[in-house]
Structures are given as C-alpha cells and as structure tokens.
Amino acid sequence: MAAETESTEASIAEAVPCDEFRRFADFVPLMMWRSDIEGAAVHHNECWLDFTGRSREDELGHGWRRGLHPDDFDRHAALVQEAFASRSPYSIEFRLRRHDGAYRWLLNNARPLTENGTFQGYLGSCFDITDRKRAEEHAEHALVEKEALLAEVYHRVRNNLQVMVSLIGLYGRAAPPPCRGSFEALGQRVRAIALVQQHLHEAPHIASIDLRDYLHRLASGLGQLRRAGRISVAVGGSGTSLVEPRTANALGMIVAEVVAECLDATADSVSCTIAITIDARAGAPVRLTIVSGGDQPGAHATDVPNLGPRLVAAYAAQAEIAVRGTGTQADPMELQLPEALVHPSE
C-alpha cells in the first residue's frame, strides 16, 4: 500500500503544471483544472478553490470528486473514462457542492493536451449554469401546464360543438323545406370545426404544431366527414414548419371551408379534389397554395349561400395570414403564414 501511494504521488508530481501555467490559470476568472494521463487531478486554479472552499491538496488526485452530487457520480465517471480511452474532447453537466453546501450545476468542457505528439492529460474549464438549468426546468414546467390547459379547453370546446350540432339538426328538421339546405351546410361546417379542434389536440406537441403532419391528418379526416369516397385532399410540396396553435387552427378552418365550398358547388355524384402545396424553404415565409375543383363540370343546385370567401378572409385575419385568390384552377388560393417557429433540431 505504501509503495502504491508513493507511485501515485510521484505520478502527480511529474504532471504538476509549471509555474507559468499556474499563474495563467489562477488569473483566468473561471474554474479551471488539469489532470495527468491517468485522469487524476494535478491542479485546480484559485477560482475553483474559491468555489469549493477546499484546499488545493484536498482536490488533488480524485479528492475533488467528493464534492460531486451522488446522482451524477457514476454518469460522470463513465463519460470521462470513455473520453480518456479515445483521447477525445468531452463536455458534461454535473452538480458540484459549493463552499456553502449548496449543489450548483456546472458545464465542464475538457480537451486532451499533447506535447510533441505525446498525450499529457486533460485541461478543463467549468461554468456555473445553475440559473440556466432552473430557467429550462421552469420553461418545461410552464409548457406542461400550457398543454394541460389547452387539452382542457379542447374537451370543453368539443362538448359544446357536439351540443351545437344536435341543436342545428333539430332546428333543421323543423325548418321549412327551402331552409333545410342551409341548416345542413351549417351542421357540416360545425362538424368540420370539431374535426379541426380534434387534430390540433392530437398533435404530438400541442404548443407547436408540425404543419405537414397536421394537414395530412386533417385532410384525411375531412375526406371522410362528408361524401366519403368522393373527395380527395392531397398535401404536397417541400419542407415543413412548426406553427403556433392559432395559426394551425385558422389554417385548418380555411382548408375545411375550401372543402365545404367544393362539395357545395358539385353534385353528390361528382368527385371533389383539393390540392394543398406547402412551400417552406429555409429563411423564407411559409407559403401554401390551395386548388379545388370537381372532376366533372356543372354546379350542384343548392340554396346554400356562398359565404366561403368571407369566412376564409375572417379566419385568415384571426391569425395574420395573408390570403389571395379563390382556390380555383384559374385563380389558386395563396396563403402566407406568419413567421414560423424554429424547429428544435435546427
């Protein structure tokens, strides 16, 4: 045991930084450390010692690890062992006990040192990131609360819409025959609103909606909502984007209205097609083009008023969506969305 201790002390003594490095490290206003080729600490600067409140001798070797949070000990050891084996730089976040007994989160960045091609150990620096970690935890908690609130709102809206559909149906059946078409169209639009809300709620992240995924799911639902098998909604184009719930809601309402208008304008035996093209190039506003029409000419005779353009304009204004065009082959509807959210992976 005595021989092993002497060997360790000798190893540390050989790797002790020169006076020039000590003066530089102690002058730098951040926590710095240096290790030997075996991973044992050979130096901690004054900023480190001020933080821990321990002596330099206490921190040598693996003594500094006594300040590590117990929950971070094994994770830190495994990552450092892997980095030393490959002689590669590494970064890790861990909690270290401060001089007052409080654990603080540190971001540790370390790089291997070489001299004439020979590995000499590691040099590392640490930043206190406790405030950032707390802010991240607060933001995550706030997001969970927001999504829970949105889910509760959705359930209430869904129940209210179901009541509205029932009431519209009752009044429609009791209305004079010339008015029943309008009641039926109104009921179909309320069901479409409910479908939009359903797909917003079912989005993986309700606070930021993946536009392409949302439109694909909504289009499939709208295709089965009325005249199933005779309506096709296709979503194409390039790129994708995350949008806020209000933008997704307004866009869903616009698509639902385009579908309703197409169905109202064609006979029940005619297939209705809707093509939505997404243009979400990096650094440019997200644009969509919508074209609708029947496979056969001829409008469906109906007494239902044509409110589509007014409704589309109202939905677009709610979410600051710029819109122009009517959605026909000759005059495609063009939408420009507000500035998109940034995808986490970007």
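The residue numbers shown here count from 1 along each chain, following its written sequence. Under the rules for a predicted model, residues below a pLDDT of 70 receive no local features and side-chain atom pairs below 80 are neither given nor counted, while totals for whole chains, interfaces and linings still include all residues. Note: side-chain values were computed over all heavy atoms of the structure, leaving out hydrogens and water.

### Section: the pattern of salt bridges
- Salt-bridge detection follows one rule: a side-chain nitrogen of Lys or Arg within 4 Å of a carboxyl oxygen of Asp or Glu. Taken as a whole and assessed by the stated rule, the structure comprises 16 salt bridges.
- Notably, a salt bridge pairs arginine 56 with glutamate 46, separated by 2.9 Å at the nearest N-O pair. Of this pair, arginine 56 sits in helix H4 (residues 56-59) while glutamate 46 sits in helix H3 (residues 46-52); the two residues are 10 residues apart in sequence, bridging distant segments of the chain.
- Using a relative accessible area of 33% as the deciding quantity, one classes glutamate 46 as partly exposed. Strands are runs of DSSP state E lasting at least 2 residues, helices are runs of H or I lasting at least 4, and numbering of each runs from the N terminus. Burial here depends on accessible area, computed with a 1.4 Å probe over protein chains only, as a share of the maximum for the residue type. Under 20% is buried, over 50% is exposed, and the range in between is partly exposed.

### A few points about the environment of arginine 158
- As for its placement among the helices and strands, arginine 158 is situated in helix H6 (residues 130-174).
- Residue classification places arginine 158 among the partly exposed positions, given a relative accessible area of 32%.
- The spatial distance from the C-alpha of arginine 158 to the C-alpha of arginine 191 is 9.8 Å, given a sequence separation of 33 residues.

### Some words on the nonpolar core
- With 43 residues, the main nonpolar core has Leu215, Ile274, Ile276 and Leu288 as its most contacted residues.
- Secondary-structure elements contributing two or more residues to this core are helix H7 (177-201), helix H8 (211-225), strand S7 (231-238), helix H9 (245-264), strand S9 (272-279), strand S10 (287-294), helix H10 (308-318) and strand S12 (333-336).
- Element by element, the count of residues in this core is highest for H9, at 11 residues.
- To form a nonpolar core, buried Ala, Val, Leu, Ile, Met, Phe, Trp, Tyr and Cys residues must be joined to one another through side-chain atoms within 4.5 Å. Within the second largest apolar cluster, 20 residues are counted, among which are Ala83, Tyr90, Ile92 and Leu106.

### As for H6
- Taking 1.5 Å per residue, 45 residues should reach 66 Å; H6 reaches 66 Å between its end C-alpha atoms and fits that length.
- The complete set of buried residues in H6 reads Thr130, Lys133, Ala151, Tyr154, Leu161, Val165, Ile168 and Gly172.
- Only heavy atoms matter for contacts: two residues are in contact if any of them lie within 4.5 Å across the pair. Buried residues along H6 sit against strand S3 (90-97), strand S4 (103-115), strand S5 (118-128) and H7. Residue count minus one, scaled by 1.5 Å, sets the expected span of a helix.

### So, the packing of aromatic side chains
- Aromatic rings from Phe, Tyr and Trp, with only the six-membered ring used for Trp, were paired whenever their centres fell within 6.5 Å, and each pair was classed as stacked if the ring planes differed by under 30 degrees, edge-to-face if by over 60, and tilted otherwise. Throughout the structure, instances matching the rule amount to six aromatic pairs.
- Plain terms: the ring middles of tryptophan 48 and tryptophan 64 are 5.8 Å apart, the flat faces sit at 80° to each other, and that makes the pair edge-to-face. Placement of the pair is tryptophan 48 in helix H3 and tryptophan 64 in the loop between H4 and helix H5 (70-86), with a sequence separation of 16 residues. Of the two residues, tryptophan 48 and tryptophan 64, both sit in the buried class.
- Ring centres of tyrosine 90 and tyrosine 122 lie 5.6 Å apart, and the angle between their planes is 50°; on these two criteria the pair is classed as tilted. Taken together, the positions of tyrosine 90 in strand S3 and tyrosine 122 in strand S5 put the pair 32 residues apart, joining distant regions of the chain. Like tyrosine 122, tyrosine 90 is buried.
- Cluster of aromatic residues (ring-pair linked, three or more members): Phe84, Tyr90, Phe119 and Tyr122.
- Geometry around tryptophan 105 places lysine 133 over its ring, the cationic atom sitting 4.4 Å from the centre. Look at NZ for Lys and CZ for Arg. If either is within 6 Å of the ring centre and within 35 degrees of the ring normal, a charge sits over the ring.

### Some words on the side chain of asparagine 45
- With respect to the helices and strands, the residue asparagine 45 is situated in the loop between strand S2 (41-44) and H3.
- Judged by its relative accessible area of 0%, asparagine 45 is buried.
- At 2.8 Å, the side chain of asparagine 45 forms a polar contact with the backbone oxygen of leucine 30.
- In the analysis that follows, any N or O atom pair within 3.5 Å is treated as a polar contact, provided that within protein one partner can donate a hydrogen and the other can accept it, and provided that, for residues neighboring in sequence, both atoms belong to side chains. Separated by 3.0 Å, the side chain of asparagine 45 and the backbone nitrogen of tryptophan 48 make a polar contact.

### Some remarks on the packing of H7 against H9
- To get an axis, a line is fitted to the C-alpha atoms, and for a helix only the part in contact is used. The angle between two axes follows their N-to-C directions and goes from 0 to 180 degrees. It is at 9 Å that the axes of H7 and H9 come closest, and there the two elements cross at 145°. Crossing geometry of H7 relative to H9 is assigned as right-handed. Counted together, Arg189, Ala192, Ile193, Val196, Gln197 and Leu200 of H7 and Pro245, Ala248, Asn249, Gly252, Met253, Ala256, Glu257, Ala260, Glu261 and Asp264 of H9 form the full contact between these two elements.
- Residues are grouped as follows: Ala, Val, Leu, Ile, Met, Phe, Trp, Tyr, Cys and Pro are nonpolar; Asp, Glu, Lys and Arg are charged; all remaining types, including Gly, are polar. By residue class, the composition of the contact of H7 with H9 is nine nonpolar, three polar and four charged. Handedness of a crossing follows from how the near helix is turned relative to the far one, being left-handed for an anticlockwise turn of less than a right angle and right-handed for a clockwise one.

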